[in-house]
Amino acid sequence: MKPTLRLLPVVLASLMAACATTPPPAKNAAPAPTVAPAPVSSPASATSVATVVQPTVTAENADVWDKLRTSFVMSDCDADPQIMVWAHRYTQSPSRFEAQMKSAVPQLIYVQQVAEKYNVAGEFVLLPWVESQYQAKPGRRNLPAGMWQIEPSTAHSMGLHVDHGYDGRLDTSAATDRVMHMLRGYYDELHDWRLVDYAFNRGEFAVQHMVQQHGVPPAEPAIPKWPVPRVTKEHLTKLLALACVIREPSRFNVTLPTLAAEDHLEAVDITPGMTFSTTASHAGMLADDLRRLNPAMSSEALNSGSGSQILMPHRNAEQWRNAMQSANAQDMTASNAPLADTPSSNTADVAQDSGPTAVKSHAVRTHTVKPGESLWQIAHKYSVSVNTLERLNNLHGKPLKPGQVLRLDAP
(Lines give C-alpha, C1' and ligand atoms only; values in the text may rest on other atoms or scores of the structure.)
Protein backbone atom coordinates (compact mmCIF):
# COMPACT_ATOMS: atom_id res chain seq x y z
CA MET A 1 0.00 0.00 0.00
CA LYS A 2 1.43 3.39 -1.02
CA PRO A 3 1.51 6.47 1.24
CA THR A 4 -1.59 8.64 1.40
CA LEU A 5 -1.11 12.12 -0.08
CA ARG A 6 -3.28 15.21 -0.33
CA LEU A 7 -6.60 15.14 -2.19
CA LEU A 8 -7.38 16.61 -5.63
CA PRO A 9 -8.08 20.30 -5.93
CA VAL A 10 -11.71 21.26 -5.76
CA VAL A 11 -11.86 22.03 -9.48
CA LEU A 12 -10.60 18.58 -10.45
CA ALA A 13 -12.95 16.91 -8.00
CA SER A 14 -15.89 18.74 -9.54
CA LEU A 15 -14.80 17.73 -13.04
CA MET A 16 -14.59 14.07 -12.08
CA ALA A 17 -17.92 14.14 -10.31
CA ALA A 18 -19.50 15.33 -13.53
CA CYS A 19 -17.98 12.72 -15.87
CA ALA A 20 -17.38 9.67 -13.67
CA THR A 21 -19.30 6.48 -14.14
CA THR A 22 -19.61 3.41 -11.97
CA PRO A 23 -19.17 -0.15 -13.31
CA PRO A 24 -22.47 -1.94 -13.96
CA PRO A 25 -23.88 -4.37 -11.39
CA ALA A 26 -23.04 -8.05 -11.56
CA LYS A 27 -24.71 -10.17 -14.21
CA ASN A 28 -27.20 -12.77 -13.08
CA ALA A 29 -26.96 -11.51 -9.52
CA ALA A 30 -29.23 -9.60 -7.20
CA PRO A 31 -29.19 -5.86 -8.00
CA ALA A 32 -26.39 -4.21 -6.09
CA PRO A 33 -27.36 -1.28 -3.90
CA THR A 34 -26.30 2.22 -4.81
CA VAL A 35 -23.35 3.17 -2.70
CA ALA A 36 -24.23 6.66 -1.54
CA PRO A 37 -22.15 8.82 0.78
CA ALA A 38 -22.08 7.29 4.21
CA PRO A 39 -24.06 8.89 7.04
CA VAL A 40 -20.86 9.96 8.78
CA SER A 41 -18.97 13.19 8.89
CA SER A 42 -16.91 14.18 5.88
CA PRO A 43 -13.50 12.49 5.76
CA ALA A 44 -10.88 14.42 7.65
CA SER A 45 -7.54 15.41 6.24
CA ALA A 46 -4.86 12.76 5.94
CA THR A 47 -3.16 13.82 9.15
CA SER A 48 -6.28 14.05 11.34
CA VAL A 49 -7.72 11.23 13.40
CA ALA A 50 -11.45 10.59 12.98
CA THR A 51 -13.63 9.12 15.68
CA VAL A 52 -13.47 5.33 15.46
CA VAL A 53 -16.67 3.83 14.09
CA GLN A 54 -17.36 0.64 16.02
CA PRO A 55 -19.32 -2.21 14.44
CA THR A 56 -22.45 -3.43 16.17
CA VAL A 57 -22.58 -7.10 17.19
CA THR A 58 -26.02 -8.54 16.52
CA ALA A 59 -27.55 -11.47 18.37
CA GLU A 60 -28.68 -13.03 15.12
CA ASN A 61 -26.41 -15.31 13.13
CA ALA A 62 -27.38 -13.81 9.78
CA ASP A 63 -25.93 -15.21 6.58
CA VAL A 64 -22.81 -13.11 6.37
CA TRP A 65 -22.09 -14.18 2.82
CA ASP A 66 -25.48 -13.17 1.45
CA LYS A 67 -25.08 -9.81 3.15
CA LEU A 68 -21.63 -9.41 1.63
CA ARG A 69 -22.85 -10.33 -1.86
CA THR A 70 -25.54 -7.68 -1.79
CA SER A 71 -22.89 -5.06 -0.99
CA PHE A 72 -20.80 -5.87 -4.08
CA VAL A 73 -20.96 -3.08 -6.69
CA MET A 74 -18.26 -3.96 -9.21
CA SER A 75 -18.24 -6.35 -12.16
CA ASP A 76 -18.89 -10.08 -11.81
CA CYS A 77 -17.02 -13.26 -12.74
CA ASP A 78 -17.44 -13.02 -16.51
CA ALA A 79 -16.49 -9.37 -16.93
CA ASP A 80 -12.86 -10.18 -17.78
CA PRO A 81 -11.12 -13.51 -18.55
CA GLN A 82 -8.37 -12.72 -16.03
CA ILE A 83 -10.93 -12.59 -13.22
CA MET A 84 -11.77 -16.24 -13.84
CA VAL A 85 -8.07 -17.13 -14.15
CA TRP A 86 -7.37 -15.80 -10.67
CA ALA A 87 -10.59 -17.22 -9.20
CA HIS A 88 -9.48 -20.69 -10.33
CA ARG A 89 -6.00 -20.11 -8.94
CA TYR A 90 -7.40 -19.25 -5.52
CA THR A 91 -9.63 -22.33 -5.51
CA GLN A 92 -7.26 -24.76 -7.22
CA SER A 93 -7.47 -26.79 -4.01
CA PRO A 94 -11.02 -26.23 -2.70
CA SER A 95 -10.25 -27.82 0.66
CA ARG A 96 -7.22 -25.61 1.18
CA PHE A 97 -9.18 -22.50 0.23
CA GLU A 98 -11.95 -23.48 2.64
CA ALA A 99 -9.45 -23.99 5.47
CA GLN A 100 -7.82 -20.63 4.80
CA MET A 101 -11.19 -18.90 4.68
CA LYS A 102 -12.31 -20.59 7.90
CA SER A 103 -9.24 -19.25 9.66
CA ALA A 104 -9.87 -15.75 8.31
CA VAL A 105 -13.64 -15.52 8.72
CA PRO A 106 -13.67 -13.86 12.20
CA GLN A 107 -11.53 -10.99 10.88
CA LEU A 108 -13.48 -10.90 7.61
CA ILE A 109 -16.79 -10.47 9.44
CA TYR A 110 -15.33 -7.71 11.61
CA VAL A 111 -14.02 -5.88 8.52
CA GLN A 112 -17.43 -6.28 6.86
CA GLN A 113 -19.13 -4.59 9.81
CA VAL A 114 -16.76 -1.62 9.70
CA ALA A 115 -17.08 -1.34 5.89
CA GLU A 116 -20.85 -1.22 6.29
CA LYS A 117 -20.58 1.66 8.75
CA TYR A 118 -18.52 3.66 6.25
CA ASN A 119 -20.64 2.53 3.29
CA VAL A 120 -17.63 1.12 1.44
CA ALA A 121 -18.20 -1.30 -1.45
CA GLY A 122 -18.30 -4.92 -0.27
CA GLU A 123 -15.43 -6.02 -2.49
CA PHE A 124 -13.03 -4.14 -0.20
CA VAL A 125 -13.97 -6.42 2.69
CA LEU A 126 -11.86 -8.97 0.78
CA LEU A 127 -8.90 -6.62 0.38
CA PRO A 128 -6.99 -8.08 3.38
CA TRP A 129 -7.04 -11.45 1.62
CA VAL A 130 -5.26 -9.95 -1.38
CA GLU A 131 -2.77 -8.24 0.93
CA SER A 132 -2.09 -10.90 3.57
CA GLN A 133 -4.92 -13.48 3.80
CA TYR A 134 -6.07 -11.54 6.90
CA GLN A 135 -2.82 -12.27 8.73
CA ALA A 136 -1.33 -9.52 10.87
CA LYS A 137 2.15 -9.82 9.43
CA PRO A 138 4.79 -7.83 11.34
CA GLY A 139 6.79 -5.32 9.36
CA ARG A 140 10.58 -5.35 9.05
CA ARG A 141 12.49 -2.08 8.87
CA ASN A 142 10.43 0.18 6.60
CA LEU A 143 8.31 -2.57 5.04
CA PRO A 144 4.49 -2.77 5.17
CA ALA A 145 2.86 -4.53 8.11
CA GLY A 146 -0.47 -5.85 9.33
CA MET A 147 -3.27 -7.55 7.47
CA TRP A 148 -3.72 -4.32 5.44
CA GLN A 149 0.05 -4.15 4.66
CA ILE A 150 0.37 -0.49 5.63
CA GLU A 151 3.68 1.27 5.16
CA PRO A 152 5.18 3.26 8.08
CA SER A 153 4.73 6.62 6.34
CA THR A 154 1.13 5.80 5.52
CA ALA A 155 0.48 4.74 9.11
CA HIS A 156 1.70 8.13 10.31
CA SER A 157 -0.53 10.03 7.86
CA MET A 158 -3.51 7.87 8.88
CA GLY A 159 -2.98 8.57 12.56
CA LEU A 160 -1.85 5.05 13.50
CA HIS A 161 0.65 5.08 16.35
CA VAL A 162 3.77 2.93 15.97
CA ASP A 163 6.54 2.49 18.57
CA HIS A 164 8.59 -0.28 20.19
CA GLY A 165 5.66 -1.50 22.32
CA TYR A 166 2.73 -0.98 19.97
CA ASP A 167 2.23 -1.11 16.20
CA GLY A 168 -1.13 0.29 15.13
CA ARG A 169 -0.76 -1.38 11.73
CA LEU A 170 -1.22 -4.72 13.52
CA ASP A 171 -4.25 -3.44 15.45
CA THR A 172 -7.21 -4.94 13.58
CA SER A 173 -9.71 -2.55 15.15
CA ALA A 174 -7.75 0.70 14.71
CA ALA A 175 -6.23 -0.12 11.31
CA THR A 176 -9.51 -1.32 9.80
CA ASP A 177 -11.29 1.84 10.90
CA ARG A 178 -8.61 4.07 9.42
CA VAL A 179 -8.43 2.13 6.14
CA MET A 180 -12.20 2.23 5.65
CA HIS A 181 -12.23 5.94 6.42
CA MET A 182 -9.51 6.43 3.80
CA LEU A 183 -11.25 4.29 1.15
CA ARG A 184 -14.45 6.25 1.62
CA GLY A 185 -12.48 9.46 1.14
CA TYR A 186 -10.93 8.09 -2.05
CA TYR A 187 -14.36 7.27 -3.47
CA ASP A 188 -15.79 10.67 -2.59
CA GLU A 189 -13.02 12.18 -4.74
CA LEU A 190 -12.69 9.61 -7.54
CA HIS A 191 -16.29 8.33 -7.82
CA ASP A 192 -15.11 4.96 -9.14
CA TRP A 193 -14.39 1.98 -6.89
CA ARG A 194 -11.90 0.57 -9.40
CA LEU A 195 -9.81 3.71 -9.04
CA VAL A 196 -10.13 3.43 -5.27
CA ASP A 197 -8.38 0.07 -5.48
CA TYR A 198 -5.73 1.56 -7.74
CA ALA A 199 -5.20 4.38 -5.24
CA PHE A 200 -4.81 1.89 -2.38
CA ASN A 201 -2.20 -0.08 -4.30
CA ARG A 202 -0.45 2.58 -6.36
CA GLY A 203 -0.93 5.69 -4.26
CA GLU A 204 -3.54 8.41 -4.38
CA PHE A 205 -1.36 11.02 -6.06
CA ALA A 206 -0.42 8.63 -8.88
CA VAL A 207 -4.10 7.94 -9.61
CA GLN A 208 -4.91 11.65 -9.56
CA HIS A 209 -2.15 12.22 -12.11
CA MET A 210 -3.57 9.45 -14.32
CA VAL A 211 -7.01 11.04 -14.17
CA GLN A 212 -5.50 14.35 -15.26
CA GLN A 213 -3.76 12.64 -18.18
CA HIS A 214 -6.41 10.15 -19.35
CA GLY A 215 -9.67 11.16 -17.71
CA VAL A 216 -11.92 8.86 -15.69
CA PRO A 217 -12.07 5.43 -17.41
CA PRO A 218 -15.39 4.22 -18.84
CA ALA A 219 -17.43 1.58 -17.05
CA GLU A 220 -16.17 -1.09 -19.45
CA PRO A 221 -13.88 -2.91 -19.58
CA ALA A 222 -13.98 -3.99 -15.95
CA ILE A 223 -10.20 -3.61 -15.66
CA PRO A 224 -9.46 -0.09 -16.97
CA LYS A 225 -7.09 0.12 -19.93
CA TRP A 226 -4.74 2.48 -18.17
CA PRO A 227 -0.93 2.43 -18.52
CA VAL A 228 -0.45 1.37 -14.89
CA PRO A 229 2.05 -1.21 -13.63
CA ARG A 230 1.02 -4.83 -14.05
CA VAL A 231 0.94 -5.36 -10.27
CA THR A 232 -1.63 -2.56 -9.89
CA LYS A 233 -3.90 -3.97 -12.58
CA GLU A 234 -3.44 -7.44 -11.10
CA HIS A 235 -4.37 -6.14 -7.64
CA LEU A 236 -7.84 -5.12 -8.88
CA THR A 237 -8.19 -8.38 -10.82
CA LYS A 238 -7.44 -10.42 -7.68
CA LEU A 239 -10.01 -8.45 -5.69
CA LEU A 240 -12.70 -9.09 -8.30
CA ALA A 241 -11.67 -12.76 -8.50
CA LEU A 242 -12.24 -13.24 -4.78
CA ALA A 243 -15.58 -11.51 -5.04
CA CYS A 244 -16.34 -13.90 -7.90
CA VAL A 245 -15.72 -16.92 -5.65
CA ILE A 246 -17.94 -15.43 -2.93
CA ARG A 247 -20.67 -14.74 -5.52
CA GLU A 248 -20.70 -18.28 -6.90
CA PRO A 249 -18.88 -20.69 -4.55
CA SER A 250 -20.51 -23.76 -6.10
CA ARG A 251 -18.97 -22.80 -9.44
CA PHE A 252 -15.58 -23.53 -7.86
CA ASN A 253 -16.64 -26.52 -5.72
CA VAL A 254 -16.19 -24.44 -2.60
CA THR A 255 -18.30 -24.30 0.59
CA LEU A 256 -17.95 -21.07 2.53
CA PRO A 257 -17.57 -21.38 6.32
CA THR A 258 -20.06 -20.08 8.86
CA LEU A 259 -19.45 -18.51 12.26
CA ALA A 260 -21.91 -18.31 15.14
CA ALA A 261 -22.82 -14.78 16.21
CA GLU A 262 -21.34 -15.36 19.67
CA ASP A 263 -17.96 -15.95 18.03
CA HIS A 264 -17.97 -12.70 16.04
CA LEU A 265 -15.17 -10.38 17.11
CA GLU A 266 -15.99 -7.36 19.22
CA ALA A 267 -13.86 -4.41 20.31
CA VAL A 268 -13.85 -3.70 24.06
CA ASP A 269 -12.22 -0.81 25.90
CA ILE A 270 -8.92 -1.43 27.63
CA THR A 271 -8.97 -1.29 31.43
CA PRO A 272 -5.83 0.56 32.63
CA GLY A 273 -3.59 -1.46 34.93
CA MET A 274 -4.69 -4.83 33.58
CA THR A 275 -2.62 -7.36 31.70
CA PHE A 276 -3.36 -9.82 28.92
CA SER A 277 -3.41 -12.61 31.48
CA THR A 278 -5.90 -11.02 33.86
CA THR A 279 -8.11 -9.76 31.04
CA ALA A 280 -8.16 -13.22 29.46
CA SER A 281 -8.99 -14.76 32.84
CA HIS A 282 -11.95 -12.41 33.29
CA ALA A 283 -13.10 -13.19 29.73
CA GLY A 284 -12.84 -16.96 30.14
CA MET A 285 -10.24 -17.45 27.42
CA LEU A 286 -6.57 -18.36 27.15
CA ALA A 287 -4.11 -15.47 27.33
CA ASP A 288 -2.35 -16.74 24.18
CA ASP A 289 -5.64 -16.64 22.25
CA LEU A 290 -6.24 -13.06 23.36
CA ARG A 291 -2.72 -12.06 22.32
CA ARG A 292 -3.18 -13.74 18.95
CA LEU A 293 -6.22 -11.55 18.29
CA ASN A 294 -4.33 -8.44 19.40
CA PRO A 295 -0.77 -8.66 18.03
CA ALA A 296 -0.27 -4.89 18.01
CA MET A 297 0.76 -4.90 21.69
CA SER A 298 4.09 -6.54 22.38
CA SER A 299 4.09 -6.16 26.18
CA GLU A 300 2.06 -8.03 28.79
CA ALA A 301 0.54 -4.84 30.18
CA LEU A 302 -2.42 -3.32 28.32
CA ASN A 303 -1.46 0.28 27.78
CA SER A 304 -4.41 2.51 26.92
CA GLY A 305 -1.94 5.14 25.74
CA SER A 306 -1.27 3.13 22.57
CA GLY A 307 -4.28 1.11 21.53
CA SER A 308 -7.57 2.05 23.16
CA GLN A 309 -9.36 -1.25 22.52
CA ILE A 310 -8.74 -4.95 22.15
CA LEU A 311 -10.65 -7.60 20.21
CA MET A 312 -12.25 -10.72 21.64
CA PRO A 313 -15.18 -12.97 20.64
CA HIS A 314 -18.61 -11.68 21.60
CA ARG A 315 -19.22 -14.48 24.11
CA ASN A 316 -15.97 -13.64 25.92
CA ALA A 317 -16.69 -9.92 25.79
CA GLU A 318 -19.99 -10.57 27.58
CA GLN A 319 -18.23 -12.61 30.27
CA TRP A 320 -15.58 -9.91 30.65
CA ARG A 321 -18.21 -7.19 31.13
CA ASN A 322 -20.04 -9.30 33.72
CA ALA A 323 -16.78 -9.83 35.61
CA MET A 324 -16.07 -6.10 35.61
CA GLN A 325 -19.57 -5.30 36.83
CA SER A 326 -19.20 -7.85 39.63
CA ALA A 327 -15.84 -6.38 40.63
CA ASN A 328 -17.27 -2.86 40.66
CA ALA A 329 -20.21 -4.01 42.77
CA GLN A 330 -17.84 -5.56 45.31
CA ASP A 331 -15.81 -2.35 45.39
CA MET A 332 -18.95 -0.32 46.08
CA THR A 333 -19.91 -2.68 48.91
CA ALA A 334 -16.46 -2.43 50.45
CA SER A 335 -16.37 1.37 50.18
CA ASN A 336 -19.75 1.65 51.95
CA ALA A 337 -18.70 -0.56 54.88
CA PRO A 338 -18.60 1.11 58.37
CA LEU A 339 -15.28 2.67 59.27
CA ALA A 340 -15.13 0.52 62.43
CA ASP A 341 -14.66 -2.51 60.22
CA THR A 342 -11.65 -1.01 58.47
CA PRO A 343 -8.95 -1.93 61.00
CA SER A 344 -10.03 -5.57 61.18
CA SER A 345 -10.21 -5.87 57.40
CA ASN A 346 -6.77 -4.34 57.05
CA THR A 347 -5.21 -6.63 59.64
CA ALA A 348 -7.07 -9.81 58.82
CA ASP A 349 -4.65 -10.69 56.07
CA VAL A 350 -1.47 -9.68 57.84
CA ALA A 351 1.09 -12.49 58.11
CA GLN A 352 -0.01 -15.12 60.62
CA ASP A 353 3.02 -14.70 62.94
CA SER A 354 1.98 -14.49 66.59
CA GLY A 355 5.08 -12.58 67.62
CA PRO A 356 5.54 -8.83 67.90
CA THR A 357 6.63 -8.56 64.24
CA ALA A 358 3.06 -9.33 63.17
CA VAL A 359 1.94 -5.82 64.09
CA LYS A 360 5.00 -3.88 63.00
CA SER A 361 4.39 -1.33 60.28
CA HIS A 362 6.89 -3.07 58.00
CA ALA A 363 5.31 -6.51 58.27
CA VAL A 364 4.57 -8.16 54.92
CA ARG A 365 0.86 -8.25 54.23
CA THR A 366 -0.74 -11.31 52.67
CA HIS A 367 -4.13 -12.20 51.26
CA THR A 368 -5.80 -15.59 51.06
CA VAL A 369 -7.59 -16.04 47.73
CA LYS A 370 -11.33 -16.61 48.03
CA PRO A 371 -13.39 -18.60 45.49
CA GLY A 372 -14.23 -16.48 42.46
CA GLU A 373 -11.70 -13.74 43.23
CA SER A 374 -9.51 -12.38 40.45
CA LEU A 375 -6.07 -10.86 40.63
CA TRP A 376 -7.47 -7.52 39.49
CA GLN A 377 -10.02 -7.48 42.34
CA ILE A 378 -7.33 -8.23 44.91
CA ALA A 379 -5.01 -5.58 43.50
CA HIS A 380 -7.80 -3.01 43.52
CA LYS A 381 -8.77 -3.88 47.12
CA TYR A 382 -5.28 -3.27 48.47
CA SER A 383 -4.31 -0.42 46.13
CA VAL A 384 -1.46 -2.28 44.50
CA SER A 385 -0.89 -2.97 40.82
CA VAL A 386 -1.58 -6.26 39.11
CA ASN A 387 2.00 -6.28 37.84
CA THR A 388 3.28 -6.01 41.42
CA LEU A 389 1.17 -8.97 42.55
CA GLU A 390 2.31 -11.05 39.60
CA ARG A 391 5.96 -10.21 40.29
CA LEU A 392 5.83 -10.78 44.06
CA ASN A 393 4.04 -14.10 43.71
CA ASN A 394 5.70 -15.34 40.52
CA LEU A 395 2.33 -15.70 38.77
CA HIS A 396 2.89 -14.43 35.22
CA GLY A 397 -0.41 -15.69 33.83
CA LYS A 398 -0.88 -18.60 36.22
CA PRO A 399 -4.51 -18.97 37.41
CA LEU A 400 -5.38 -18.21 41.02
CA LYS A 401 -6.53 -21.00 43.30
CA PRO A 402 -8.87 -20.66 46.33
CA GLY A 403 -6.83 -20.78 49.52
CA GLN A 404 -3.69 -19.56 47.81
CA VAL A 405 -1.78 -17.01 49.94
CA LEU A 406 -0.51 -13.98 48.05
CA ARG A 407 2.11 -11.49 49.14
CA LEU A 408 0.91 -7.92 48.93
CA ASP A 409 4.20 -6.15 49.72
CA ALA A 410 7.86 -6.70 49.07
CA PRO A 411 9.75 -7.89 52.18
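Since the structure is predicted, the reported quantities are computational estimates derived from the model, not experimental observations.

Trainee: Lay out the overall build of the protein with the relevant residues and their values.
Mentor: For the protein, the count of helices and strands is 16 helices and four strands. The buried share of the protein, reckoned over its 411 residues, is 48%. A separation threshold of at least 6 residues defines the contact pool for the protein, and within that pool the share at least 24 residues apart is 72%. Surface summary for the protein: the accessible area is close to 20,200 Å², and the carbon and sulfur share equals 54%.

Trainee: Provide a residue-level description of the side chain of asparagine 316, including the pertinent values.
Mentor: Within the secondary structure, asparagine 316 sits in helix H13 (residues 314-335). A residue is classified by how much of its surface remains accessible, and asparagine 316, at 9% relative accessible area, is buried. Within the structure, asparagine 316 has its side chain in polar contact with the backbone oxygen of alanine 283 (distance 2.9 Å). Each residue touching asparagine 316, except ones within four places of it in the same chain, is listed here: Ala283, Gly284 and Met285.

Trainee: Any chance you could break down the nonpolar core for me, citing the residues and the numbers?
Mentor: With 108 residues, the main nonpolar core has Phe124, Leu126, Trp148 and Leu183 as its most contacted residues. When residues in this core are grouped by element, the largest group, 11 residues, is from helix H4 (residues 94-118). The contacts of phenylalanine 124, once residues within four sequence positions are left out, are Met74, Trp148, Met180, Leu183, Trp193, Val196, Asp197 and Leu239.

Trainee: Can you explain the state of the cysteines? Please cite residues and give values.
Mentor: Applying the stated rule across the entire model yields one disulfide. With its sulfur 2.1 Å from that of its partner, cysteine 77 forms a disulfide with cysteine 244. The disulfide joining cysteine 77 to cysteine 244 has a torsion of about 110° about its S-S bond and is therefore right-handed. Of the two residues, cysteine 77 sits in the loop between helix H2 (64-70) and helix H3 (81-90) while cysteine 244 sits in helix H10 (residues 230-247), which places them 167 residues apart along the sequence. For the pair cysteine 77 and cysteine 244, one class covers both residues: buried.

Trainee: Tell me about unusual backbone geometry, and name the residues and values.
Mentor: For the bond from glutamate 220 to proline 221, the omega torsion is 5°, close enough to zero to count as cis. Looking at where proline 221 falls in the secondary structure, it is placed in the loop between helix H9 (204-214) and H10. Although it is not a glycine, asparagine 119 adopts a positive phi angle of roughly 55°. You can see asparagine 119 is positioned in the loop between H4 and helix H5 (127-132). Of note, the phi angle at tyrosine 134 is positive, near 65°, even though the residue is not glycine. Summarising the element assignment, tyrosine 134 is placed in the loop between H5 and helix H6 (152-158).

Trainee: Residue-level account of the pairing of strand S2 (residues 309-313), with values.
Mentor: Counting buried positions along S2 yields five of five residues, so the element is predominantly enclosed. When strand S1 (residues 265-269) meets S2, the two strands line up antiparallel, connected through five bridges. When the bridges of S2 are listed, glutamate 266 appears paired with methionine 312.

Trainee: Quick one: what's the story with H10, residue by residue and with numbers?
Mentor: Along its 18 residues, H10 runs 25 Å from first to last C-alpha, staying within 8% of the 26 Å computed at 1.5 Å per residue. Extensive coverage of H10 is indicated by the burial of 13 of its 18 residues.

Trainee: Outline the packing of helix H8 (residues 193-202) against H9, listing residues and values.
Mentor: Two elements in contact, H8 and H9, have axes whose closest approach is 7 Å; the angle formed by their N-to-C orientations is 130°. In terms of their interaxial angle, H8 and H9 are classed as oblique. In this structure, H8 uses Leu195, Tyr198, Ala199 and Arg202 to contact H9, whose residues at the interface are Glu204, Ala206, Val207 and Val211. Along the lines of polarity and charge, the residues of the contact of H8 with H9 split into six nonpolar, no polar and two charged.

Trainee: Please provide a residue-by-residue account of the pattern of salt bridges, values included.
Mentor: Following the criterion strictly, the structure yields 18 salt bridges and no others. The salt bridge involving glutamate 234 is made with lysine 238; its shortest N-O contact spans 4.0 Å. Highlighted residues: glutamate 234 and lysine 238, both in helix H10, separated by four residues, approximately one helical turn. With a relative accessible area of 21%, glutamate 234 lands in the partly exposed category. Beyond isolated ion pairs, a larger network of salt bridges with shared partners links Asp78, Glu248 and Arg251.

Trainee: Quick rundown of the confidence of the model for the protein? Include the residues and the values.
Mentor: For the protein, the mean per-residue pLDDT works out to 79, and 74% of the residues sit at or above 70. The model gives residues 3-52 a pLDDT under 50, and that stretch makes 98 contacts with residues more than four places away or in other chains.

Trainee: Outline the packing of aromatic side chains, listing residues and values.
Mentor: Taken as a whole and judged by the stated rule, the model has six aromatic pairs. Taken together, a centroid distance of 6.5 Å and an interplanar angle of 70° make the contact between tryptophan 129 and tyrosine 134 edge-to-face. A centroid spacing of 4.1 Å and a plane angle of 10° characterise the contact between tyrosine 187 and tryptophan 193, whose relative ring orientation is stacked. In terms of burial, tyrosine 187 and tryptophan 193 fall into one category: buried. Grouping aromatic residues by their ring pairs yields a cluster made of Phe97, Trp129 and Tyr134. Looking at arginine 89, its charged tip hangs above the ring of tryptophan 86, at a distance of 4.5 Å from the centre.

Trainee: Describe in detail the side chain of glutamate 131, supporting the description with residues and values.
Mentor: Relative to the elements of secondary structure, glutamate 131 occurs in helix H5. Buried and without a salt bridge, glutamate 131 has lysine 238 as its closest oppositely charged side chain, separated by 8.7 Å. The residues contacting glutamate 131, other than those within four sequence positions of it, are Met147, Trp148, Gln149, Phe200 and His235.

Criteria and thresholds
- Residues numbered from 1 in each chain as written.
- Predicted model: local features only at pLDDT ≥ 70, side-chain atom pairs only at ≥ 80, totals over all residues.
- Heavy atoms only, no water.
- Helix = DSSP H or I, 4+ residues; strand = E, 2+ residues; numbered from the N terminus.
- Buried < 20%, exposed > 50% of the residue type's maximum accessible area, 1.4 Å probe, protein only.
- Contact = heavy atoms within 4.5 Å.
- Areas by Shrake-Rupley, 256 points an atom, 1.4 Å probe, with all protein chains shown as cover.
- Polar contact = N/O pair within 3.5 Å; in protein donor to acceptor, adjacent residues only side chain to side chain.
- Core = buried A, V, L, I, M, F, W, Y, C linked by side-chain atoms within 4.5 Å.
- Disulfide = S-S within 2.5 Å.
- Pairing = 2+ DSSP bridges.
- Expected span 1.5 Å × (residues − 1).
- Axes fitted to C-alpha atoms, helices over the stretch in contact; angles between N-to-C directions.
- Parallel < 35°, antiparallel > 145°, perpendicular 65-115°, else oblique.
- Nonpolar A, V, L, I, M, F, W, Y, C, P; charged D, E, K, R; others polar.
- Salt bridge = Lys/Arg side-chain N within 4 Å of Asp/Glu carboxyl O.
- pLDDT = per-residue confidence, 0-100.
- Phe/Tyr/Trp six-rings, centres within 6.5 Å; stacked < 30°, edge-to-face > 60°.
- Lys NZ or Arg CZ within 6 Å of the ring centre and 35° of its normal.
- Lys, Arg positive; Asp, Glu negative; His and termini not counted.

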